[in-house]
Amino acid sequence: MTGVQLLTVTEDEGEQRLDRWLKRRFPQLTQGAVEKLCRTGQLRLDGARVKPADRVAPGQTVRVPPIPDTPAPAPAERSRFSPADVKMIQSAVLWMDQHMIVLNKPPGLPSQGGSGQGDRHVDGLTEALTFGYKERPKLVHRLDKDTSGILLLARTDRVARALSESLRHRAARKIYWAVVAGVPNPKKGSIKFYLEKAPGRGKGGEGEKMICIHPAKAKDHPEAKRAQTDFFTLWFLGNRLSWMALEPVTGRTHQLRAHMAEIGHPIIGDGKYGGSQAENQGEGWGAAIGGDVSRKMHLHARSISIEHPVTKEMMTFTAPLPEHMARTWKALDWKEDDVPADPFEVFG
């Protein structure tokens, strides 16, 4: 058992997730143990509380509480994944080479696990995505559980760092498709509300919610972070709902969902931020549409353009719509090919 330690992140360790950095230093730690240390405030980064997914940078100081010298007991042998889950995650692969894998994440599948979720999340299922490689691929960003679409995985630590850098410094261009209640006016623009986490936290972080702060009041909210979402209305149905292209200029938690709700046009199916406005019921937005529009969340990471971390070729990946959104498009007679792939570039 060690005592309390103050460890400095070295240049060689680069920028990486805190949980991965810690488990490389202390291989005996399980993911559950790391999450508990974060949740109870025993693990600190430059004196501040942290989450497992927070990133460490060279020169930062990590406060590590006493760590047992022996590994935790190994879990009982069991079948980790069902054949159905293996088939599901492998069929989600859109493209891969020896450096990276591109997934079309299904809605309802978390990117990472939380308390009590077991291994049924993308990060846990990466064992089924080795395809002959020794190392499991590594997530370099996340999507909310109910958001579908493009998700990047790296097959080596070096590639993971390079992709993370591209995403962090906005060298990648991401476009989401969403269906929202009502029709924005104006039909294109930018939302620049700061975002601050609301008090309280649910199981595994799923209960957290972001609050929008007007830029003029940001100075009164030191915890609020700058956020910007560009939006473009691709199609609309009367004044009931709209097909939107959304580009997150920044990458904050729940950014697109909170921003669209703040301007009065919540994403369809997003009960957390839209409430009854996001549900197809009663005399609301869906009353004249009928039951063909699912109550599941209509937010999809449609495409990403990013420089390949090794070949340096600029690559664009596009993810087909999930089943429930494809049904909505069919019901509303919307055609995917009728709109530009990047309306922000085409229309400025």
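The rules we used
Residues numbered from 1 in each chain as written. Predicted model: local features only at pLDDT ≥ 70, side-chain atom pairs only at ≥ 80, totals over all residues. Heavy atoms only, no water. Helix = DSSP H or I, 4+ residues; strand = E, 2+ residues; numbered from the N terminus. Buried < 20%, exposed > 50% of the residue type's maximum accessible area, 1.4 Å probe, protein only. Contact = heavy atoms within 4.5 Å. Areas by Shrake-Rupley, 256 points an atom, 1.4 Å probe, with all protein chains shown as cover. Core = buried A, V, L, I, M, F, W, Y, C linked by side-chain atoms within 4.5 Å. Domains from an automatic or database assignment. Pairing = 2+ DSSP bridges. 1 Å grid on protein atoms, 1.4 Å probe; cavity = no way out; pocket = protein on both sides within 12 Å on 5 of 7 lines; lining within 4 Å. Points joined across faces, edges and corners; volume = space filled by probe spheres on them. Axes fitted to C-alpha atoms, helices over the stretch in contact; angles between N-to-C directions. Left-handed = near helix turned anticlockwise from the far one by under 90°. UniProt positions renumbered as here; feature names shortened; annotations may be inferred. Phe/Tyr/Trp six-rings, centres within 6.5 Å; stacked < 30°, edge-to-face > 60°. Lys NZ or Arg CZ within 6 Å of the ring centre and 35° of its normal. Lys, Arg positive; Asp, Glu negative; His and termini not counted. Salt bridge = Lys/Arg side-chain N within 4 Å of Asp/Glu carboxyl O. Polar contact = N/O pair within 3.5 Å; in protein donor to acceptor, adjacent residues only side chain to side chain.

1. Observations concerning the overall build of the chain
Then comes step 1: From N to C terminus, the chain includes nine helices and 18 strands.
Then comes step 2: Buried residues in the chain amount to 48% of all 348 residues.
Then comes step 3: Contacts spanning at least 24 positions in sequence make up 66% of the contacts within the chain whose residues lie at least 6 apart.
Then comes step 4: Element-wise, carbon and sulfur atoms account for 50% of the exposed surface of the chain, whose accessible area totals about 17300 Å².

2. Examining the nonpolar core
Then comes step 1: Core analysis: the biggest nonpolar cluster contains 51 residues, and Ile-89, Leu-103, Ile-150, Leu-152, Leu-163, Leu-246 and Leu-299 have the highest contact counts within it.
Then comes step 2: If one sorts the elements of this core by residue count, strand β10 (residues 148-154) sits on top with five residues.
Then comes step 3: Residue-level mapping places this core at the junction of two domains, with at least three residues from each of domain 2 (83-169) and domain 3 (174-347).
Then comes step 4: In this view, Leu-299 contacts Asp-146, Thr-147, Ser-148, Tyr-176, Trp-177, Ala-178, Leu-246, Leu-256, Arg-257, Ile-267 and Met-325; residues no more than four positions away in its chain are not counted.
Then comes step 5: Formed by 18 residues, the second largest nonpolar core is a distinct cluster that contains Trp-243, Met-325, Leu-332 and Val-339.

3. A few points about the pairing of strand β8 (residues 100-105)
Then comes step 1: Across the six residues of β8, six count as buried, placing the element largely inside the fold.
Then comes step 2: Of the two faces of β8, the one lined by Met-100, Val-102 and Asn-104 and the one lined by Ile-101, Leu-103 and Lys-105 are each fully buried.
Then comes step 3: In the sheet, strand β7 (residues 93-96) pairs with β8 via three bridges, with the strands oriented antiparallel. Bridged to Met-96 within β8 is Ile-101.
Then comes step 4: Between β7 and β8, which pair antiparallel and follow one another directly, the connecting turn spans three residues.
Then comes step 5: Relative to β10, β8 is paired through six bridges, and the arrangement is antiparallel. When the sheet's bridge partners are listed, Met-100 is paired in β10 with Ala-154.

4. Some details on empty space enclosed by the protein
Then comes step 1: Under the definition given, this model contains one cavity of 30 Å³ or more.
Then comes step 2: Of the volumes computed, that of the largest cavity is approximately 30 Å³.
Then comes step 3: Lining the largest cavity are His-141, Ile-150, Lys-174, Tyr-176, Ala-301, Ser-303 and Ile-304.
Then comes step 4: Broken down by secondary-structure element, the contributors of at least two residues to the lining of the largest cavity are β11 (173-181) and β17 (299-307).
Then comes step 5: It is β17 that provides the largest number of residues to the lining of the largest cavity, a total of three residues.

5. Overview of the packing of helix α1 (residues 18-25) against helix α2 (residues 31-39)
Then comes step 1: The geometry of α1 relative to α2 is characterised by a closest axis approach of 10 Å and an angle of 120° between their N-to-C directions. Classified by chirality, the crossing of α2 by α1 is right-handed. Along the contact surface, α1 presents Leu-18, Asp-19, Leu-22 and Lys-23, while α2 presents Gln-31, Val-34, Leu-37 and Cys-38.

6. Details of the UniProt feature "active site" (unreviewed entry) in the chain
Then comes step 1: Under the feature "active site" (unreviewed entry), the UniProt entry names Asp-144.
Then comes step 2: Secondary-structure assignment places Asp-144 in the loop between β9 (138-139) and β10.
Then comes step 3: Discounting chain neighbours no more than four positions away, the residues touching Asp-144 are Lys-105, His-254 and Arg-257.

7. With respect to the packing of aromatic side chains
Then comes step 1: In the structure shown here, the tally under the stated rule is eight aromatic pairs.
Then comes step 2: On the numbers, 6.1 Å between centres and 15° between planes, the contact of Trp-177 with Trp-329 is stacked. One end of the pair, Trp-177, is in strand β11; the other, Trp-329, is in helix α8 (residues 323-331), with 152 residues separating them in the sequence. Of the two residues, Trp-177 and Trp-329, neither departs from the other in class, the shared state being buried.
Then comes step 3: Of the aromatic side chains, those joined through ring pairs into one cluster are Trp-177, Trp-243, Trp-329 and Trp-334.
Then comes step 4: One Lys or Arg, Lys-209, reaches over the ring of Tyr-273 and ends 5.3 Å from the middle of that ring.

8. What to know about the sheet that holds strand β6 (residues 61-64)
Paired through their backbone hydrogen bonds, the strands of a sheet run either parallel or antiparallel.
Then comes step 1: Pairing is antiparallel in the open sheet, where four strands are placed in the order β1-β6-β3-β4. Edge positions in the open sheet fall to β1 (5-8) and β4 (48-49), since each of these has one partner strand only.
Then comes step 2: Bridge count between strand β3 (residues 44-45) and β6: two bridges; the pairing is antiparallel. Along β6, the bridge assignment pairs Arg-44 with Arg-63.

9. A closer look at the side chain of Lys-105
Then comes step 1: Mapping Lys-105 onto the fold places it in strand β8.
Then comes step 2: Of the side chains with opposite charge, Asp-146 lies nearest to the buried Lys-105, which makes no salt bridge, at 6.9 Å.
Then comes step 3: In this structure the side chain of Lys-105 is engaged in a polar contact, spanning 3.4 Å, whose partner is the backbone oxygen of Asp-144.
Then comes step 4: Filtering out sequence-adjacent residues up to four positions away, Lys-105 remains in contact with Ser-111, Val-122, Leu-143, Asp-144, Lys-145, Thr-147, Ser-148, Gly-149 and Leu-151.

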